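What follows is each chain in one-letter form.
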Amino acid sequence: MRKRTVFQLAAGTVVAGGAALAYASLVERNMFTLRRYDVPVLATDAEPLRILHLSDLHMMPDQRRKQAWVASLAATDPDLVVVTGDNLAHPEAVPGALRALQPMLDYPGAFVFGSNDYRGPVWKNPFSYLLPEREYVQGVDLPFEDLREVLVGAGWADLNNARTTIKSGGRLIEMVGVDDPHIERDDYSSVAGRVGERSDLAIGLTHSPEPRVLDEMAADGFELLLAGHTHGGQVRVPFVGALTTNCDLPRSMARGLHRWPDSDAWLHVSAGLGTHPTAPVRFACRPEASLLTLIPR
């Protein structure tokens, strides 16, 4: 009887694990969700301003469902579109990424790149993400310049280690960004400096939300910091949350809106819309885009 009970428990565990894996790989990773947040960063008498934040598409050429869903977000009629990197996952993914982003190109926009815009993914043990020190390996070169050319040609601001001021929603918005800190392409010192007094709003962009970068942006007076990279943990454990952020950001901030410590800034981390092609699963962490409505403080 004891052996039978042990066997039944083991069999039940295998079945439950298989069902969870099937759900995570076939169902939840395609349950695209639009999150909505109110962010109190505007002056007292200011009208609201809406930002559509997209991140981590990790686009493959045949992901038509994802492309169509992202394209449909143009119906939210944002004042500004921000993309925080890792758009590509295949050398032939640029047309698919542009099918997704094309309807948004008529709006003011800004972007930074992530590591998976530059180099393709390679197979890796998913459990390696739990290791604090691991070798970083990337695959083939990706045609990021083709994507950059279209985005810049549409008038979007390329904020990879750059700074600019744009007009959106009748506001003067000062923006700064860095190239991906996850692969040490960031150079914030080249664009650092206090926010100008004439700006109505100041926004900082980075793909990987490394605290060393966020601290500097917040210290310079950037009130809203936008990032991706973490996938929200991608697999979250109920009552525990994300097991890793794949960077130095605390796990409690793996996704969503948070007040950045010891500053007046807010941080929004997108859980992103895709997955690494060799780990196409999401559990308790739906793929997402976010509509941030900026409101008076």
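Residues numbered from 1 in each chain as written. Predicted model: local features only at pLDDT ≥ 70, side-chain atom pairs only at ≥ 80, totals over all residues. Heavy atoms only, no water.

- Naming follows an unreviewed UniProt entry, where the chain appears as Metallophosphoesterase of Plantactinospora solaniradicis.

### As for a nonpolar patch on the surface
Phase 1: On the surface, a cluster of nonpolar side chains totalling about 450 Å² of accessible area is made up of Val237, Phe239, Val240 and Leu243.
Phase 2: Within the secondary structure, Val237 sits in strand E10 (residues 236-237). (Patch = residues over 30% accessible without salt bridge, like charges linked within 9 Å, V, L, I, M, F, W, Y side chains within 5 Å. Areas by Shrake-Rupley, 256 points an atom, 1.4 Å probe, with all protein chains shown as cover. Salt bridge = Lys/Arg side-chain N within 4 Å of Asp/Glu carboxyl O. Helix = DSSP H or I, 4+ residues; strand = E, 2+ residues; numbered from the N terminus.)

### Concerning the sheet that holds strand E7 (residues 171-177)
Phase 1: Taken in spatial order, the 6 strands make up an open sheet running E6-E7-E8-E9-E13-E12, and their pairing is mixed. The open sheet has two edge strands, strand E6 (162-168) and strand E12 (256-259), and neither has a second partner. Across the sheet, the mean angle separating the axes of adjacent strands is 25 degrees when strand polarity is ignored.
Phase 2: Direction of pairing for E7 relative to strand E8 (residues 201-205): parallel, over a ladder of 5 bridges. (Pairing = 2+ DSSP bridges. Axes fitted to C-alpha atoms, helices over the stretch in contact; angles between N-to-C directions.)

### Observations regarding the packing of helix H3 (residues 94-101) against helix H5 (residues 144-153)
Phase 1: At their nearest, the axes of H3 and H5 sit 10 Å apart, and the two run at 25 degrees to each other. It follows that H3 is roughly parallel to H5 by the angle criterion. Crossing hand, H3 versus H5: right-handed. Contact residues: Val94, Leu98 and Leu101 in H3; Asp146, Leu147, Val150 and Leu151 in H5.
Phase 2: In the contact of H3 with H5, the residues fall into 6 nonpolar, no polar and 1 charged. (Parallel < 35°, antiparallel > 145°, perpendicular 65-115°, else oblique. Left-handed = near helix turned anticlockwise from the far one by under 90°. Contact = heavy atoms within 4.5 Å. Nonpolar A, V, L, I, M, F, W, Y, C, P; charged D, E, K, R; others polar.)

### Concerning the packing of helix H2 (residues 64-72) against H3
Phase 1: At a minimum axis distance of 6 Å, the contact between H2 and H3 shows a crossing angle of 30 degrees. Judged on the interaxial angle alone, H3 and H2 are roughly parallel. On the side of H2, the interface is formed by Arg64, Gln67, Val70 and Ala71, while H3 contributes Gly96, Arg99 and Ala100.
Phase 2: When its residues are assigned to classes, the contact of H2 with H3 shows 3 nonpolar, 2 polar and 2 charged.

### Some points on the pattern of salt bridges
Phase 1: One pass over the full model with this rule turns up 8 salt bridges.
Phase 2: A salt bridge links Arg148 to Asp158; the shortest N-O distance between them is 2.5 Å. On the criterion of sequence distance, the pair formed by Arg148 in helix H5 and Asp158 in strand E5 (residues 157-158) is long-range, its members being 10 residues apart.
Phase 3: In this structure Asp158 comes out as partly exposed when scored by relative accessible area, which is 22%.
Phase 4: A salt bridge links Glu223 to Arg297; its shortest N-O distance comes to 2.7 Å. One end of the pair, Glu223, is in the loop between helix H6 (211-219) and strand E9 (224-227); the other, Arg297, is in the segment after strand E14 (288-296), and 74 residues separate them in sequence.
Phase 5: Each member of the salt-bridge network shares a partner with another, and the members are Glu145, Arg148 and Asp158. (Buried < 20%, exposed > 50% of the residue type's maximum accessible area, 1.4 Å probe, protein only.)

### Brief notes about the sheet that holds strand E1 (residues 33-42)
Strand pairs in the sheet, formed through backbone hydrogen bonds, run parallel or antiparallel to each other.
Phase 1: Reading across from one edge, E1-E14-E2-E3-E4-E5 is the order of the 6 strands in this open sheet, with mixed pairing throughout. The strands lining the two open edges of the sheet, one partner per strand, are E1 and E5.
Phase 2: Where strand E4 (residues 109-111) and E5 come together, 2 bridges link them in parallel fashion. Bridge pairing in E5 links Phe111 to Asp158.

### Considerations on unusual backbone geometry
Phase 1: Phi is positive for Asp86, close to 55 degrees, though the residue is something other than glycine.
Phase 2: One non-glycine residue with positive phi stands out, namely Asp262, at about 55 degrees.
Phase 3: Take Asp262: it is sitting in the loop between E12 and strand E13 (266-269).

### Digging into the environment of Ala75
Phase 1: Secondary-structure assignment places Ala75 in the loop between H2 and strand E3 (80-83).
Phase 2: Considered as a pair, Ala75 and Met104 are 29 residues apart in the sequence and their alpha carbons are 9.2 Å apart.

### Focus on the confidence of the model for the chain
Phase 1: In this model, the chain carries an average pLDDT of 91, and 87% of its residues clear a pLDDT of 70 or more.
Phase 2: Scored below 50 in pLDDT, residues 6-17 shows 0 contacts in the model against residues more than four places distant or in partner chains. (pLDDT = per-residue confidence, 0-100.)

### Some details on the side chain of Thr76
Phase 1: With respect to the helices, strands and loops of the structure, Thr76 is situated in the loop between H2 and E3.
Phase 2: Given a relative accessible area of 12%, Thr76 falls into the buried group.
Phase 3: A polar contact of 2.7 Å, which involves the side chain of Thr76, links it to the backbone oxygen of Leu73.
Phase 4: If near-sequence neighbours (up to four positions away) are discounted, Thr76 is found in contact with Leu34, Arg50, Leu52 and Leu291. (Polar contact = N/O pair within 3.5 Å; in protein donor to acceptor, adjacent residues only side chain to side chain.)

### What about the packing of aromatic side chains?
Phase 1: For the coordinates displayed, the defined rule picks out 5 aromatic pairs.
Phase 2: Ring centres of Phe113 and Phe144 lie 6.1 Å apart, and the angle between their planes is 80 degrees; this geometry places the pair in the edge-to-face category. On the criterion of sequence distance, the pair formed by Phe113 in the loop between E4 and helix H4 (115-118) and Phe144 in helix H5 is long-range, its members being 31 residues apart.
Phase 3: A relative accessible area of 0% places Phe113 in the buried class.
Phase 4: In this structure an aromatic cluster arises from ring pairing among Phe111, Phe113, Tyr118 and Phe144.
Phase 5: Above the plane of the ring of Tyr118 lies Arg185, whose end atom (NZ or CZ) is 3.8 Å from the centre. (Phe/Tyr/Trp six-rings, centres within 6.5 Å; stacked < 30°, edge-to-face > 60°. Lys NZ or Arg CZ within 6 Å of the ring centre and 35° of its normal.)

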